[in-house]
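The primary structure of each chain is shown beneath.
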Amino acid sequence: MNAPAITMGESPARRALKRFFRHKLAVFGLVVVVAFVLIALLAPFIAPYDPLQTSWTRIRKPPSAEHWFGTDENGRDVLSRVIWGARASLMAGVISVLGALFIGVPLGLLAGLIGGWVDGLISRVADAMLSVPFLILAIALAAFLGPALENAMLAIAITASPVFVRLARGMALDAKSTDWVEAARALGNPPWRIGLFHVLPNIIPPLLVQASLAIAEAIIAEASLSFLGLGQQPPAPSWGSMLNSAQRFLTQAPWLSIMPGLAIFVVVLAFNLVGDGLRDALDPRADRK
Amino acid sequence: MTALLELRDVVKHFPVRDALGRRAGAVHAVDGVSLAVAEGEVLAIVGESGCGKSTLGRVMLRLIEPDSGSVRFAGEDLASLSPAALRARRRDMQIIFQDPFGSLDPRMTVAQAIAEPLRLHRVVPRAEEAARVAELLRRVGLRPENAGRWPHEFSGGQRQRIAIARALASNPRLIIGDEPVSALDVSVQAQVINLLRDLIRDLRLTFVLVSHDLGVVRHVADRVAVMYLGRLVEEGPAEHVLGAPRHPYTRALVAAMPGAQTKTPPLEGDVPSPIAPPSGCRFHTRCAYATEQCRAETPRLEGAAHAVACHFAASLPAPVERSAALGGGERLARLQGFFRGNAPSPIGMGDYA
C-alpha cells in the first residue's frame, strides 16, 4: 500500500507565533532585542572608536558630533563602550538563563514526575534558595567564585534556577494527571520517554515565557554585579561597571551614567515586552479568542 | 473458550486524608471483584458514576495497582511482571479513554501519535510505518491525508477515531473502552459505536466496555457485569441481564432505559458514599425489598451462567409489564406510523381529520 500525500496541519507552535505577531508591543520588543543582538555581534564593525583607547586630551567631553555619547574620565568614547558593553550584558543575560534552564528544568521534571523523597529534597533546596533575595544570593555566590564575568554568569545561573525548578515541577505535576500521560503509559512508554517526549514538549511554552522575563532580570543582575565590581573587570566595558565609574561624576558628567543606564532600561523593557507577548500568545486560554 | 483476562478478588481503596495528612478513611472504589473475560468476547461493565467501574478498567491493565487480588492476562499474573516486561505486555492490551480532548498529546501530530505504539513495540519496520498509519486511519474512517495534522484541528468524534486507531496500532488482543462515546455528541455517538462494533467483529477483538449507557451496551455487549459501589451485583449474558434482570438494582437500571418494557419503582436517593459503604448488601439503602438480612449479611454473587448477588433473587416478584401506559418502544412505533401517514394520531387528533 502506498502512502498518500499528507497535508501538514498548523502546529501549536506556529499558531502561537501567529498570535505573537499580532501583538504590536511584543513585536516592537522583539525588534529592539534583535537590534541589540546585532549591535553586540557586530560591535567591532560599528563601534566608531576603540572602547579601550584612552586619551588625556578628551577627558569627560559632553556629547558632540565627534563623540555622540561623549567621553569618559579616561577619554574613552562612551558610544563605543556602550556598544561593546552590549556583549557583556546580553551574553550574561542569555547564557546565565540558559544555564538556569539547564539546571532547573531537569530537576523540576524529576521532582514532579518521580515525587516522594526526590521531590521533597529538590523542592526544599529550591525553597531555601528562593527564601534568600535574588541579588544577595547572586552577590554571595559571585564573591565566593571570584570577580570575573564568567563567574558572575554562573552565579546568576545558579540563583535563577530555583524559579525554573518550581515552574517545571508544577507543570510536570499538572501533566502527570492528564489522560494523555496515562495514555502514554498505557501504550508502553518507559518513564524517561514520558518525561522527555511527552511532558517536556508540553511545558516548553511557560518555560519560554519565564525565560524571556528571566533574561531581563539576569541583565539587571549582571549590571548590579559589575557595578559592585564582581562582574566584568576593568578596563573591559560593561554597562554595570560603566555606571560604577560614572557615579563619581553624576553632576559634572551626567552622560556617563545616562547612556549605559538608558541602554539597560531599553533592553530590559524590550525583553519584558517579548515575555508578555509570548505569555499572551502561548496561553491556552487565548485559543478561544 | 479460555479466559484471556481473569480477575480474582480485586480490591482497590483510595486513601482519603484529612487536612493534616492523616489517613481519614478510604474510598472503596473496587471491593472484591472477580471476573473473567473470554477471548473474543465483549464484556460490558455498567453502573452509575462513582461505582468504581473506571477504576476496575484501569486495574485490568495494571495502570492502577490493586491493593489485593490478582489480575491474570493470558494466564500470566500482571503483578508478577517487572516494569519492563509489563511495558512489553502493553502491546497486547490497550485502552480508549473517555475524553478525546484529553487523551491525545496536544504536541503530537496524528501520525506521531499513531506511530508511537508501532515504534515502542517494533510492530513494523520504519519504512512501512507511514503506510501502516494510513491503513489505520482508513480503518477508523479518517482520510489518511490528515496524518500531518494536530489534535486541535479535529472534532471530538474525529479525535476519538484517532484514539481508536492508536489503540489498534499494535494489534492488541484486549482493548478496554472507558466510556468511549459518552463525551461525544449524541449524533456522533452512534457512528463511533458502530465503528467499534465493526472493529470488534472484523478484528475479533476482546473488548471490555465500561459504560453507564445501557443503550450503548445493548448494542455491542455479549456479556454484562453490573457494578454497584465497588461490587458486582449481577453478571451474565447480555440478553439475560438486560432482558430478564434479576437484581433489584439492575431492574431499576433497565426500567430507566428509554423504551423499557417493564416498570419498577424508580431509584430513590443518591448513591451512598463509597468512603462509608452500607453494611450487608450495599444496595439495601435504596432497595424496595430490603429486609433485616440485607442490612446484616453480604450476599454472594451466585449462579453459573447468570449470576446475581441478592438474598432474594429467587423470590422477588416478577417485573411488571408496561401495559397500562404505552411503553417507550410502542410509543415510538406509533409516532413513526403517524408520520408515515398510515396510522391514527398518537394523541387522538386523527378523529378530527
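Structure report, in brief. Keep in mind that what you see is a predicted model, and the values were worked out from it rather than measured.

## Section: the environment of A:Val34
Residues and elements named next belong to chain A.
Link 1 in the chain: Structurally, Val 34 is set in helix α2 (residues 24–41).
Link 2 in the chain: In this structure Val 34 comes out as partly exposed when scored by relative accessible area, which is 42%.
Link 3 in the chain: The sequence separation of Val 34 and Val 267 amounts to 233 residues, and the corresponding C-alpha distance is 10 Å.

## A few points about helix α8 (residues 179–187) of chain A
The α-helix advances 3.6 residues per turn, and as a result positions three or four apart in sequence lie on the same side.
Link 1 in the chain: With seven of its nine residues buried, α8(A) lies for the most part within the structure.
Link 2 in the chain: Those residues of α8(A) that sit buried are A:Trp180, A:Val181, A:Glu182, A:Ala183, A:Ala184, A:Ala186 and A:Leu187.
Link 3 in the chain: Summarising the contacts, the buried residues of α8(A) are in contact with α7 (149–176) and α9 (191–227) of chain A together with α1 (53–60), β6 (93–96), α3 (110–120) and α5 (156–168) of chain B.
Link 4 in the chain: Phi for A:Gly188, located one or two positions after α8(A), is positive at around 105 degrees.

## A word on the interface of chain A and chain B
Link 1 in the chain: Counting residues at the interface gives 31 residues for chain A and 34 residues for chain B.
Link 2 in the chain: With both chains or domains summed, chain A and chain B bury close to 2900 Å², and 59% of this area falls on carbon and sulfur atoms.
Link 3 in the chain: Remark: the boundary between chain A and chain B carries two salt bridges.
Link 4 in the chain: Among the ionic pairs, B:Arg58 bridges to A:Glu182, the shortest N-O distance being 3.1 Å.
Link 5 in the chain: Here chain A and chain B share 14 residue pairs in polar contact (both at pLDDT 80 or more) between them.
Link 6 in the chain: Sorting the residues of the side of chain A that touches chain B by element identifies α1 (12–21), α8 and α9 of chain A as the ones contributing at least two each.
Link 7 in the chain: Class assignment of the residues belonging to the side of chain A that touches chain B gives a composition of 17 nonpolar, eight polar and six charged.

## Thoughts on the state of the cysteines
Residues and elements named next belong to chain B.
Link 1 in the chain: Per the counting criterion, the structure on display carries zero disulfides over all chains.
Link 2 in the chain: A disulfide-free cysteine, Cys 287 has its sulfur positioned 6.3 Å from the sulfur of Cys 294, the nearest such atom.
Link 3 in the chain: For Cys 310, which is in no disulfide, the shortest distance to another cysteine sulfur is to Cys 294 and amounts to 6.2 Å.

## Description of the layout of surface pockets
Link 1 in the chain: Space inside the second largest pocket adds up to approximately 720 Å³.
Link 2 in the chain: What lines the second largest pocket is a set of 30 residues, and nearest its centre among them are A:Arg185, A:Asn189, A:Pro190, A:Pro191 and A:Ile194.
Link 3 in the chain: For the lining of the second largest pocket, the elements supplying multiple residues, two or more each, are α4 (78–114), α8 and α9 of chain A together with α2 (83–89) of chain B.

## Let's talk about the pattern of salt bridges
Close approach of charged atoms lets side chains of opposite charge pair.
Link 1 in the chain: Going through the model one piece at a time under the given rule, you end up with 32 salt bridges over all chains.
Link 2 in the chain: Note that A:Asp127 is salt-bridged to A:Arg124, the shortest N-O span being 3.3 Å. Of this pair, A:Asp127 and A:Arg124 both sit in helix α5 (residues 116–130), three residues apart, which is roughly one turn of that helix.
Link 3 in the chain: Looking at A:Asp127, the relative accessible area reads 28%, which means it is partly exposed.
Link 4 in the chain: On the basis of relative accessibility, which here comes to 53%, the residue A:Arg124 falls in the exposed class.
Link 5 in the chain: One salt bridge in this structure joins B:Glu116 and A:Arg193, with 3.4 Å as the shortest N-O distance. Taken as a pair, B:Glu116 in helix α3 and A:Arg193 in helix α9 lie in two separate chains rather than in one. Taken as a pair, B:Glu116 and A:Arg193 share a single burial class, namely buried.
Link 6 in the chain: One network of salt bridges, with partners in common, ties together B:Arg139, B:Asp198, B:Arg201 and B:Asp202.

## Details of the packing of helix α6 (residues 134–145) of chain A against α7(A)
Relative orientation and spacing of two packed helices are given, respectively, by the angle between their axes and the distance between those axes.
All names here are of chain A.
Link 1 in the chain: Their axes nearest at 8 Å, the elements α6 and α7 cross at an angle of 140 degrees. Relative to α7, the element α6 is oriented oblique. Handedness of the α6/α7 crossing: right-handed. Two secondary-structure elements touch here, α6 through Phe 134, Leu 137, Ala 138, Leu 141, Ala 142 and Leu 145 and α7 through Asn 151, Leu 154, Ala 155, Ile 156, Ile 158, Thr 159 and Ala 160.
Link 2 in the chain: Looking at the contact of α6 with α7, its residues break down into 11 nonpolar, two polar and no charged.

## A short note on the pairing of strand β7 (residues 174–178) of chain B
Residue and element names in this part refer to chain B.
Link 1 in the chain: With respect to burial, β7 is a largely interior element, five of its five residues being buried.
Link 2 in the chain: Side-chain alternation along β7 places Leu 174, Ile 176 and Asp 178 on one buried face and Ile 175 and Gly 177 on a second face that is also buried.
Link 3 in the chain: Across four bridges, the pairing between β6 and β7 is parallel. Bridge pairing links Ile 95 to Ile 176 in β7.
Link 4 in the chain: In this sheet, strand β8 (residues 206–211) lies alongside β7 in parallel orientation, the contact comprising five bridges. Within β8, the residue paired with Ile 176 across the bridge is Val 208.
Link 5 in the chain: With helix α6 (residues 186–203) bridging β7 and its parallel neighbour β8, the resulting β-α-β unit is right-handed.

So, how was this worked out
- Residues numbered from 1 in each chain as written.
- Chains lettered and ligands numbered in written order.
- Predicted model: local features only at pLDDT ≥ 70, side-chain atom pairs only at ≥ 80, totals over all residues.
- Heavy atoms only, no water.
- Helix = DSSP H or I, 4+ residues; strand = E, 2+ residues; numbered from the N terminus.
- Buried < 20%, exposed > 50% of the residue type's maximum accessible area, 1.4 Å probe, protein only.
- Contact = heavy atoms within 4.5 Å.
- Buried area = accessible area lost by both parts, 1.4 Å probe.
- Salt bridge = Lys/Arg side-chain N within 4 Å of Asp/Glu carboxyl O.
- Polar contact = N/O pair within 3.5 Å; in protein donor to acceptor, adjacent residues only side chain to side chain.
- Nonpolar A, V, L, I, M, F, W, Y, C, P; charged D, E, K, R; others polar.
- Disulfide = S-S within 2.5 Å.
- 1 Å grid on protein atoms, 1.4 Å probe; cavity = no way out; pocket = protein on both sides within 12 Å on 5 of 7 lines; lining within 4 Å.
- Points joined across faces, edges and corners; volume = space filled by probe spheres on them.
- Axes fitted to C-alpha atoms, helices over the stretch in contact; angles between N-to-C directions.
- Parallel < 35°, antiparallel > 145°, perpendicular 65-115°, else oblique.
- Left-handed = near helix turned anticlockwise from the far one by under 90°.
- Pairing = 2+ DSSP bridges.
- Right-handed = clockwise from strand over helix to strand, strands pointing away.

That is the geometry; function is a separate question.
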